[in-house]
Structure formats: C-alpha cells, structure tokens
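# Residue-level structure breakdown
What follows is the residue order along each chain.
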Amino acid sequence: MAKKKKKDIEELTLVQSPEVLADTSLYFNRELSQLQFNWRVLEEGLEERHPLLERVKFLAIFSSNTDEFFMIRVSGLQRLYVAGIEETQADGILPSELLATIRRELLPQLTMQMNCWHKDILPKLQAEGINVLRYDELKHKQRKLLRRYFEREIFPALTPLAFDPGHPFPHISNLSMNLAVVINDPILGRLFARLKIPKALPRLLRIPEEEALSEYEELGFETVVSNNFVWIEEVVAANLDMLFPGLEVVEVYPFRITRDADMEIEEDEASDLLAAIEEGVVRRQFGSVVRMEIDKHMSEEVRDILMANMNVAPYLVYTADGPIGLADLVELAKIERRDLKDPSFVPYISPSFTSEESIFSVIRRRNILLYHPYDSFLPVVDFLREAARDPDVLAIKQTLYRVGPNAPVVDALREARENGKQVAVLVELKARFDEENNIVWAKALERAGVHVVYGLVGLKTHSKVCMVIRREADGIARYVHMATGNYNSVTARIYTDLGYFTCDPDIGADASDLFNALTGYSRKVTYRKLLVAPERMKAELLQRIEREIEVHRTQGKGWLVFKMNALVDPVCIQALYRASQAGVRVDLQVRSLCCLRPGVPGVSDNIRVTSIVGRFLEHTRIYYFHNGGNEEVWLGSADLMPRNLDRRVEILFPVEDAHLRRTLRDNILLVHLKDNVQARELQPNGTYKWVHAADGEAELNTQLWMIEHRGVWDRYDGQ
C-alpha cells in the first residue's frame, strides 16, 4: 500500500506526545485501505477451496464494491482535485497523489479478476455443464432462435440515439450497459450512435441446447431451463441491422460509465425531506463521470469521441479484456446447483421461542442474545407479530435503516396499526443506495396510518432499536430489541449480526428518551445505560480506553478487544496507540478498512489487527474492556469512524448478564481471534497476510465453527 511519511516508522519512539501520535506515517489512507479490503474479497474468488458458484459470487461482489468505490470515494477525490483543494486526511496524501495511486493499485486487481474469469472459472463452469458462450460460439439454429427472440422481446425496448450536429450527445446513465456504434451511410458517410441496453433485461440470456430448439420455438424463451448463457450486448450487437436498416454497421463496442453518486442534500433548506431525497435519487443519474470502462478493441476514434463528450480524463478510463461490469455475474451465482455452493444449514431457534409461551414472558424471564445468521431472524419478526396481535400492547416504536425489498417487519408494523396500536417508525431516507426502497416503505407505512419520521436534519439515524410498550398487571412494561444490524430478513441470512432482547427498565427508559428525541425535540445528551452518538458515545469510549490504561498500570493484564467493520477515527486510533504504549494488549478485528498501523515499535507493537472475509459478511460491532476483571461488553451499530461517532444517531448497549458476557468473550470474540483459515493479519506496510495454523494446531474456520456450534451462546453459562 502506498504511504506518505515524515520519518521512517522505525524512528518513532515511546513518546506520549500528541505530535508523535499525529505523525502521518502512523495512518493508512482510507481509500487505499478500502482497496485492500476489496482485494481480500477478490482473493476469495481466486480461492479454489470454495465451491465454484461461491467463487463466481465473490467476483461479482468485487465488481459491485469497485462500482461503489468510484461512485462515492473516487468521486469525492475527483471533486477536490478539480477544485484545486489540497485537503488531506490523517495520512497526509494529497487528492492528486491518491487518484494516481488508486489507479496503480486497482489495475493489477482488475487484470487478475479477468484472468481468473477467463482462465479458471469459465473452464470449470463448462466442465459442470454451465456454459457462458460468446455469440460467435453459438450454432446456426441457436443464433436463428436468438434473432427471433431479439425481434420480439429486445428490439422494441431499444432506442438508438444518433450523435451528429443535429443531435446532441445523448445522456449516458450511471452503470448502464451501452454500445457505441459506428455506421457507414452511403450518402452521409461515417456516423456515430449510442445504444443503451435496458436494465430491465437480464444481462445473461439463457439459450437452449441445439437439440432442444424446436420445443422452445413453441414455448418461448421464458421457459428455457438450460444452463447455457450468452451476454445480451453480444446478441444486440449481432442484430443491429434491424435497428439501422439499409446502413452498414462497421464498428460496435460495449462501454459503461460510472457517475458521482454521492448525494448532497441541503436538509436545512429543504421544506420537504422526502421530496428532496427523491430529487437527489434522480440527480444521481446526472453526476459527473468518474470512470469509463471500455472494451480493449475499441478504436481510438470512438474512445476519443466518448472522452471528449463526457469530459473524461485519461486516468479515469479503464480498458477490459472481456465482459464489462462483472457485478452482473451475480445472475450466475443464483443458479440452483447446490453441489456448487456452500452447504445449507437450518438456523438455530432457541426452545424458548418454540413453545406456546408468550415471547414477552420469555424476555421477562431473561435477556436473550441472538447471533445471525447462525440464529434464525424469525424470533425478531415474531416479536413484532405478537406485539401487533396482543391486546395488551399499547404502542410500538422502531427505527428502520435498510429493510430490503420484502419486509415482514413492515408487514407486522402495518398489522399493528390496523389492530389499533400506536405505531411510530423512523425510516432513514438517507440510507445510501436504499433511498428509493425506503421511500416506498415509508409511504406504505403512512398509508396504513403509522406515524413516520423521515430522519433528523444533518444526521443519519443508523441505530437499530425496536420498543414495545405493554400494559401488565404491575404497570407499563417496555420490551426492547437492539441490534448491530438491520431489520432485514434477507441480509440476516448473509450478514453476521447480534441482536438482544431485554425488558431492563433502565434500557426501556433510555429507549423512550431516544425515540422522543427522534420524533420530537430534545437536548438530552446523557442516558442511564445506553451510549448514544453523536452526543456522548465517542467520549465514553475514549474514557473507557483511558480507564483500561490506568487499570493496567496498577494491576496489569490490560486487554481491549474490538470487533467492527471499520476503524478510521484518528482520535480513537490515537487512544489505542496510547493503550499499546502503556502495555495494554489490543486485539482488533476489522473486517473492512483500517487506518491504524499495527506493529510500529514503541507505538503499536501491542496491537494486532485481523480481518475475516468469508461466506458471511462480518457485520457485528463488539467492544470488550477487560477492566481489571470487571469486564464490560458493548454491542451496537457504530464503527469507529467520524461519520458514525459525529454525524449519526448510533447506540451502544451494555451486556450486563455475566453468562452472556462470557459467551460473547469465549464463544464469539476469542473464536474469531483464533481463526486460521479465513483470517488475514494486517502488516505494518499495509498489506495483509493469511493466518495459518501453526504446526500441530488444528484448523479453525470461525464461520464454519459457528454453524456447527450454533446455539451454544443460548446454552452457555461459562462455568
């Protein structure tokens, strides 16, 4: 990883001064760390030990992540560079330097991905009866059938747009697949046109075997069940004579652009936040171009026409030796071939949730920890469904960030309102790339009579909280569910997240205060048990790190274990450096980007950073403080990033049950720290190395262990 130093890291000594800990050489660049994470994703696609279609999925995720990286991170750097702003992060790298470094780092990754696809994945797919064919590999009868399909299903949806003095250059949508077409007109000569492939059409078209063609002539293409595929842009390119009759098509090249999609909403000036977000979603298609992907065979003439008319600099042009936009390989990963995928498993459901007993009486008896996807998400949905139908339930309050396209949680909330419950929901409209989906659900909830709040001005509400208020014999009781992840039944099967049920009166009171602040007005900054951002969370975490340092100085055995998605905040990083300098053992498991540099003599030599990338996306946030044996464990929605700590409404909640603290420590945190199959360790130079089992040590794949031992945290007492 590229880095900018004021002095060699070896020269840094054991000094507590802020000047030393602010040295730029102690920080990895955020964008370059993100590229390192995406490289780890690509590595999973290269790993032959994974089932074949899982490898295809990782190649698709690598491309999808790269798309988002350009839309959000590169676009921001490009804006700074064009404006001449010499703004730097803690690492001290200038935007111009960073843009050049990103290209230099990314090009080998893209080459490796394409080589893996062509030389490794494609032949193996073919051996398994899954064929992704070039159009010129199709047999005559297959092409004939495709031409009929093109004429009937594709041709009507296509709109060729000419580009000449009488026709302005057409708008190119973000991430759309396009064909640049050069035509020879017998009268007008050489002409240029652009053709967009509609996103509503599948990128990979299924085609039948030649011997089965006759039955599909009668039944139609929609019934094709074979695993033969061809790229839709090749089918369109081969049939352009229908779109340009009487003209000679002389050149056809696929291309794709990525636009700046980082919406900026002036919330304090918007009279209607919903309308402002809807407008922002539309504007996303018109952001400046931050990347153009072209086929390597594209002529210089066509490339220059595209670059000039879309104002694309050469360093933003990426040439591919194969299909562009491999995020669409996710379509292949959906093929029903269980033998080419990870083995399925049935998520654990605690016996407490399978009896006839009310879920509220179960929670009254004990606090409950769920670990998805190893634990089923169904108890969370059932919690809301029972609340919707229970005559003693008075109200439900909930935050929603990413609920997904099919939302049983939303259905339960609507049912509750239909049954006369008071229901208030904060739907965060500013959840990036889920804005449209959240707008749909917000409107659906409003139609059902739910009181919907769209979010707070200037802040994203990222916390995951649901509260049920119930009338009971001894008075009003509050039942609270909090989590590290979203109320999304789809991602609950592929993200690792922790959920927690409690009827603790203090947490219930805190949840009430939080919802009052979210739906009304409040200046409250301190809570009984919850740590809430942006008011106090950061200060409270820093105070606990300093406490660990002091306890270690007097008692020894200082130990911090943080598991999170990202570590970026420089103030938190400096606190961890101080802990390391004081001799505190610091174990960090950071799935994605990490700006802390471990292993620097005298500064971070007591810090170990690992990352697990595997079948499930590691999404939990756990903060463990040994505290001289008086252990504290905090769970919640916040990573140690400025956006989470300073610009979002986040919560961390304590796990106070001794047996649950022990199971989080022993069966979750320590198991993850011992992973020697999927884990990589961050090196002082910014690269990651695989963690391998030592001689005589058994292999431990954490996610596989969790599948095999699912439910252990429900039964564990630590004795």
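Okay, so let's go over this structure.

Looking now at empty space enclosed by the protein. Within this structure, the stated rule accounts for two cavities of 30 Å³ or more. Counted as a void, the largest cavity has a volume near 80 Å³. Lining of the largest cavity is provided by His-372, Phe-377, His-481, Ala-483, Gly-485, Asn-486, Tyr-487, Thr-491, Ala-492, Tyr-495, Asp-497 and Leu-498. Elements that contribute at least two residues to the lining of the largest cavity include exactly strand 16 (475–483) and strand 17 (495–502). The dominant element in the lining of the largest cavity, judged by the number of residues it contributes, is strand 17, at three residues. Partitioned by chemical class, the residues of the lining of the largest cavity number six nonpolar, five polar and one charged. Of the volumes computed, that of the second largest cavity is approximately 30 Å³. Contributing to the lining of the second largest cavity are Phe-70, Val-74, Leu-99, Ile-102, Arg-103, Tyr-315, Leu-316 and Tyr-318.

Let's shift gears to the nonpolar core. Grouped together as the largest cluster of nonpolar side chains are 68 residues, with contacts concentrated most on Trp-117, Leu-125, Ile-154, Val-236, Leu-329 and Leu-332. Those residues in contact with Trp-117, other than ones at most four positions away along the chain, are Leu-59, Leu-122, Pro-123, Leu-125, Val-132, Trp-231, Pro-323, Leu-329 and Leu-332. Counting residues in each nonpolar core, the second largest holds 48 residues, with Ile-359, Ile-396, Ala-407 and Cys-466 among its members.

What the three strands build is an open sheet, ordered 1-6-5; its pairing is mixed. What marks the edges here is a single partner per strand, and that holds for strand 1 (131–133) and strand 5 (204–206). Averaged over all neighbouring strand pairs, the angle between strand axes comes to 35°, with direction disregarded. In the sheet, strand 5 pairs with strand 6 (residues 228–231) via three bridges, with the strands oriented antiparallel. Each residue of the ladder has a partner; that of Leu-205, found in strand 6, is Val-230.

The next thing to look at is the packing of aromatic side chains. Summed over the entire model, instances satisfying the criterion amount to 20 aromatic pairs. Pairing Tyr-371 with Trp-713 gives two aromatic rings, centres 5.2 Å apart and planes at 70°, and the pair type is edge-to-face. Pair noted here: Tyr-371 is in strand 10 (residues 368–372) and Trp-713 is in helix 21 (residues 712–715), with a separation of 342 residues, a long-range link. The class for Tyr-371 is buried, based on a relative accessible area of 0%. On the accessibility criterion, Trp-713 (1% relative accessible area) is buried. Ring pairing ties together the aromatic residues Phe-345, Tyr-371, Tyr-374, Phe-616 and Trp-713, which thus form one cluster. Between the NZ or CZ atom of Arg-40 and the centre of the ring of Tyr-688, over which it lies, the distance is 3.8 Å.

Reading the values: rules and limits
- Residues numbered from 1 in each chain as written.
- Predicted model: local features only at pLDDT ≥ 70, side-chain atom pairs only at ≥ 80, totals over all residues.
- Heavy atoms only, no water.
- 1 Å grid on protein atoms, 1.4 Å probe; cavity = no way out; pocket = protein on both sides within 12 Å on 5 of 7 lines; lining within 4 Å.
- Points joined across faces, edges and corners; volume = space filled by probe spheres on them.
- Helix = DSSP H or I, 4+ residues; strand = E, 2+ residues; numbered from the N terminus.
- Nonpolar A, V, L, I, M, F, W, Y, C, P; charged D, E, K, R; others polar.
- Core = buried A, V, L, I, M, F, W, Y, C linked by side-chain atoms within 4.5 Å.
- Buried < 20%, exposed > 50% of the residue type's maximum accessible area, 1.4 Å probe, protein only.
- Contact = heavy atoms within 4.5 Å.
- Pairing = 2+ DSSP bridges.
- Axes fitted to C-alpha atoms, helices over the stretch in contact; angles between N-to-C directions.
- Phe/Tyr/Trp six-rings, centres within 6.5 Å; stacked < 30°, edge-to-face > 60°.
- Lys NZ or Arg CZ within 6 Å of the ring centre and 35° of its normal.

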